[in-house]
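The chain contents come next:
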Amino acid sequence: MQIRATRGDPSFCREIRTNPPDRLRYDAEKEGRRRPAASAQGEQWSFGSWVRSRRSARTVRCDSRAPSSGRCCPRCCCGPTKWCRSSSSPKPSGTAAHLRLPVRCCTPNVFRLRRALAQVEPEGDQRIAFTTGYRLRVEPGELDLTVFRDHVRRGRADAAAGRHQRASTELRAALDQWRGSALTGVSDRYFEAEIVRLEDERLAAVEDRIEVDLALGEHSEAISELQDLTGRNPHRERLHGQLMVALSRAGRQAEALQVFRNLRQTLIDELGIDPGAQLRELHERVLRGDIEPVAPPSVDRRVRRNDLPADVLDFTGREDETQRLLATLPGDGTAVVINAVDGMAGVGKTTFAVHVAHRLTDLFPDAQVFIDLHGHSTEREAVAPATALDHLLRALGVPSSAIPHDLDQRAALWRAELAERKALVVLDNAANAAQVRPLLPGAAGCLALITSRRHLADLEAAQILSLAVLPPDDAVDLFTRIAGQERIEAEPEAVRDVVKLSGYLPLAIRIAAARLRSRTTWTVSHLAERLREGQQRLTELTIGDRSVAAAFALSYKHLSAEQQRLFRLLGLHPGADFDVHASANLADLQPATAQLLLEDLVDVHLLQLSSPGRYRFHDLLREHARSTAEETDSAARLEASLTRLIDFYLHTSLTAVSILDSVLPKVEAKPPGIGHHPFLLDDETSAWRWFTVENQNLLAAQRLALGKGWHAPVWQLAWALNPFHNWKGLNHDALVVRRAALVAADQLGETAIQVQTHRQLSYIYARTGHHTVALEHLHQALRLAEDAGDLEGQAATHRAFARAYELQQQNDREALAHATQALNLFEILDLPRMVGRQHSQMGWHHARLGNHDEARTHCEAGLIVSRQHHDRVGASLAFDSLGYVAFLSGRHEQAVDYYQQAVEAYNDLHEVHEQAHALERLGQAEHALNRYAQARASWQRALDMFRVQHLVKDAERVQLYLDLLADR
């Protein structure tokens, strides 16, 4: 269809203009569909003025002069109320006239409109063409006025043929096209007659619909509406006549007569005329009492009804979920079954429910009824239970006159209607359990399928089925079925990238595949690249009136203000998941309040539970939350939230590391600011659990701080993580955080921090076999410490030199010299725990040089000092070194005993790296004693630990030991 207006018919010319950006409205139905609705300021879109593209998410406002199809406008509109005319052109009027205007005046406005259309749909600018005038192409069903008139025409034809029920449906559908008055916001006097004409069309349709309702026996329901209409239209005789009929049939003859008297007096007083002949005749009939009541039409109450939406041809996967749902159905059909299907926006709840419903039609032959409850919708409020029951009862053939007004009575009638039926009822898009309860069947042999974005755990007797995103293989199948096999055959890996970037979310996959199908020049790799770019995924996952972002926005809209704020701020969290305490600090909430809000977000599927007490986002929801925060909150507020989060992670980590290794010097971090809610750690177990669970979040927090230029938290987090990474053998993580710490230390220019960071980096390089790089960092650390006169830094660096040479397994004398220098400095500094640990290191290097007696003396001294100062780390090192000395001395039984104590001590400390080496050496001592089974067990444990740490050479060496034992 094309909207045109001839040059000779100015009353049908059209001014076409787009709304400014603040009035373009984006709204969504469930699963991402968009329609025009009230703006943020509460303004309603007016009838006769919207052209909505079927392929676009945006609606374009067209203020129309008689918005009819098939007409073309040669005029130029210079503004919403101004005409640009030649001097010879007449003023606009309601009669035909030729208005010849220069086309150049229209060009800027048309250019802007074309640009707006191009932004909302592919090739949208091609909708405007120029022949003898400008013409806007509108597809069938896109112009509300055309839809309205089509419904009215069919309704009147049905009424004339006596098909009153169908006529009522058509006329109601016509009137549903109206939202407020016609052409709201248009003030030009030229429009006044047009507005009156459109309003008259609407009122005539209302009268036709009421006429049909009266023919159906719905006089009682019509009375209140007619009283309101006659009050607003005091001269409308047809409405007054319908009110008289309705009152008469309701047994209220006196009131009907009074309606006539009031109208007659009004007409005489204001217009000086009497009512028309038809109304006077009706008055006589009321006086005679021959307005006979109309009985409701007889209905076959057992007629089968199926108003399920069509099943999608490309439905993919969900076999496990389908079988779980089918398993809830009793084999004999003796009980009512209630299944509630929930899940996040876009996961395909409605599609799944409709698909299953179609498979079950044979089991429920009497009725398959579907109703959208609009629990998450923008164009209208959630359907009230009473309204939903009215719809459902009518669907079963119950006449409106038989439907009671009271909610409980309607619910009882609904259950009674289903009592003798085997019916399937799909209650789609439910807001909550309260909305659904009155709509549930009560009889055996019925099935209620409910879909909701909310977890309906409070719905009694319901089987809950939560839909997750699709498995990767099913996601690929869905994408292939939509995009076409021939498009994806050559790029299977790119297809997997696309569905992964789509979060395996069915709605996102459908949109991505549809975009590829509509872009014949695109490849799958190109689509994947577009989805990877920056933070544009949600922008890319939009086509026509379907949008992932719109679906998410709809869920967000239904949250409370507190829930919305927490949802937004959680989108800033840099890690994969988070707990209550991180959430509380991020949003400056008490942990108890944060807990309740987090659970609320889980209930509506905006968050997921990754494990008890820990929460996470779906990837696309995280992006939506972050973008919403950036659009809603000021930069200062967002930065304050991130500062609280970094403070929380930093101070808790510093507390944890001080519990695990009290020998380490204390780091004086900046005190946390207002809104800090500390997480209390009680003992080593809780400290270890903190680092184990939060390790990846701490790495993410450090990356965030580095990106923000917050250098102090960067190196302090690295310092806190250092022992944990060393003991657990998390070499890659350690390398990442220590490199970042070195960048921060150089930016701060503080020598002590630079010394420490170089030293920590050297250790991880040495452990991973990069000995040259490790020594380079140690030389830099020692030079900086000596230049600054930092004795403690020098001592620690000498100790690190000895450890590096040990791992390199050469330069034993050089290693011993550094170890000796470290011991002397630690004694000067009076650091007894470090003295104890250094004795054990010196004993190790003496043993490697063959000085077994001196080695044993140092190791025993180290064990004594460590025990005196309750240093469990030092004691474990001493046992390990004593075992090494005993083994090299040929005392294998004693070596086994020491090594077993070392392994046990390392295990208590959760230390993995040193424990693996101790197990390797224990296996060697056991092998020397011909205890091959024990040696095999020790080496197998060591091999597993080396593999976890990705220490390939160490793992290969131990595997060789195990291979040699294969025949023993």
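In this text, all values refer to a predicted model and were calculated from it rather than measured experimentally. (Residues numbered from 1 in each chain as written. Predicted model: local features only at pLDDT ≥ 70, side-chain atom pairs only at ≥ 80, totals over all residues. Heavy atoms only, no water.)

1. Some remarks on the pattern of salt bridges
Between side chains of opposite charge, a pair can form when the charged atoms approach closely.
For step 1, the next point in the chain: Scanning the entire structure with this criterion turns up 51 salt bridges.
For step 2, the next point in the chain: As a salt-bridge pair, Arg197 and Glu201 come within 2.7 Å of each other at their nearest N and O atoms. Of the two residues, Arg197 and Glu201 are both situated in helix H4 (residues 192-215); the distance of 4 residues between them amounts to about one turn of the helix.
For step 3, the next point in the chain: Arg197 gets classed as partly exposed once you look at its relative accessible area, which sits at 31%.
For step 4, the next point in the chain: For Arg510, the salt bridge is made with Asp314, and the minimal N-O distance between the two is 2.9 Å. With Arg510 in helix H17 (residues 506-518) and Asp314 in the loop between strand E6 (305-306) and helix H9 (319-326), this residue pair connects regions lying 196 residues apart in the sequence.
For step 5, the next point in the chain: For Asp314, a relative accessible area of 19% puts it in the buried group.
For step 6, the next point in the chain: Through salt bridges with shared partners, one network takes in Arg156, Asp200, Glu207, Asp208, Glu211, Arg236 and Arg238. (Salt bridge = Lys/Arg side-chain N within 4 Å of Asp/Glu carboxyl O. Helix = DSSP H or I, 4+ residues; strand = E, 2+ residues; numbered from the N terminus. Buried < 20%, exposed > 50% of the residue type's maximum accessible area, 1.4 Å probe, protein only.)

2. Comments concerning the environment of Asn432
For step 1, the next point in the chain: On the secondary structure map, Asn432 appears in the loop between strand E9 (423-430) and helix H13 (433-436).
For step 2, the next point in the chain: Spatially, the C-alpha atoms of Asn432 and Arg453 are 8.8 Å apart, while their sequence positions differ by 21 residues.
For step 3, the next point in the chain: When sequence neighbours within four positions are dropped, the list of residues in contact with Asn432 reads Arg454 and Leu456.
For step 4, the next point in the chain: Of note is the side chain of Asn432, whose polar atom sits 2.9 Å from the backbone nitrogen of Gln435. (Contact = heavy atoms within 4.5 Å. Polar contact = N/O pair within 3.5 Å; in protein donor to acceptor, adjacent residues only side chain to side chain.)

3. Here's the deal with helix H2 (residues 144-160)
For step 1, the next point in the chain: Between its terminal C-alpha atoms H2 stretches 24 Å, which fits the 24 Å expected from 17 residues at 1.5 Å a residue.
For step 2, the next point in the chain: Residues of H2 that are buried: Asp144, Leu145, Thr146, Val147, Phe148, His151, Val152, Gly155 and Asp158.
For step 3, the next point in the chain: Downstream of H2 by a residue or two, Gly162 has a phi angle that is positive, lying close to 80°. (Expected span 1.5 Å × (residues − 1).)

4. Observations regarding the UniProt feature "repeat: TPR" (unreviewed entry) in the protein chain
For step 1, the next point in the chain: Those places that UniProt annotates as "repeat: TPR" (unreviewed entry) correspond, in this numbering, to residues 755-788 and 876-909.
For step 2, the next point in the chain: Span residues 755-788 is 91% helix and 0% strand, its end C-alpha atoms 10 Å apart.
For step 3, the next point in the chain: Each end of residues 876-909 is marked by a C-alpha atom, and these two atoms are 9 Å apart; helix forms 88% of the span and strand 0%. (UniProt positions renumbered as here; feature names shortened; annotations may be inferred.)

5. Remarks on the packing of aromatic side chains
For step 1, the next point in the chain: Taken as a whole, this structure holds 14 aromatic pairs when the rule is applied.
For step 2, the next point in the chain: A ring pair is formed by Tyr556 and Phe567, whose centres lie 5.8 Å apart and whose planes are at 45°; its orientation type is tilted. Placement of Tyr556 in helix H20 (residues 548-557) and of Phe567 in helix H21 (residues 561-570) is noted, with a sequence separation of 11 residues between them.
For step 3, the next point in the chain: Their ring planes at 90° and their centres at 5.7 Å tell us that Phe648 and Trp690 sit as a pair that is edge-to-face. Of this pair, Phe648 sits in helix H25 (residues 635-660) while Trp690 sits in helix H26 (residues 684-708), and the two are 42 residues apart along the sequence. Each member of the pair Phe648 and Trp690 is classed as buried.
For step 4, the next point in the chain: Ring pairing ties together the aromatic residues Tyr556, Phe567, Phe578 and Phe617, which thus form one cluster.
For step 5, the next point in the chain: Sitting over the ring of Trp178, Arg202 keeps its end group 5.6 Å from the ring centre.
For step 6, the next point in the chain: Sitting over the ring of Trp522, Arg519 keeps its end group 5.4 Å from the ring centre. (Phe/Tyr/Trp six-rings, centres within 6.5 Å; stacked < 30°, edge-to-face > 60°. Lys NZ or Arg CZ within 6 Å of the ring centre and 35° of its normal.)

6. Quick notes on the confidence of the model for the protein chain
For step 1, the next point in the chain: For the protein chain, per-residue confidence averages 84 on the pLDDT scale, and residues scoring 70 or more make up 86% of the total.
For step 2, the next point in the chain: Low pLDDT, under 50, characterises residues 1-103; the predicted model gives this stretch 330 contacts beyond four residues in sequence or across chains. (pLDDT = per-residue confidence, 0-100.)

7. Considerations on the sheet that holds strand E14 (residues 578-579)
For step 1, the next point in the chain: Judged by pairing direction, the sheet is antiparallel, and its 3 strands sit side by side in the order E14-E16-E15 without closing on themselves. Two strands in the sheet have a free side with no partner beyond their single neighbour: E14 and strand E15 (608-611).
For step 2, the next point in the chain: Each of E14, E15 and strand E16 (614-616) is contacted by helix H23 (residues 591-603), which is oriented at about 45° to E16, the strand it contacts most. (Pairing = 2+ DSSP bridges. Axes fitted to C-alpha atoms, helices over the stretch in contact; angles between N-to-C directions.)

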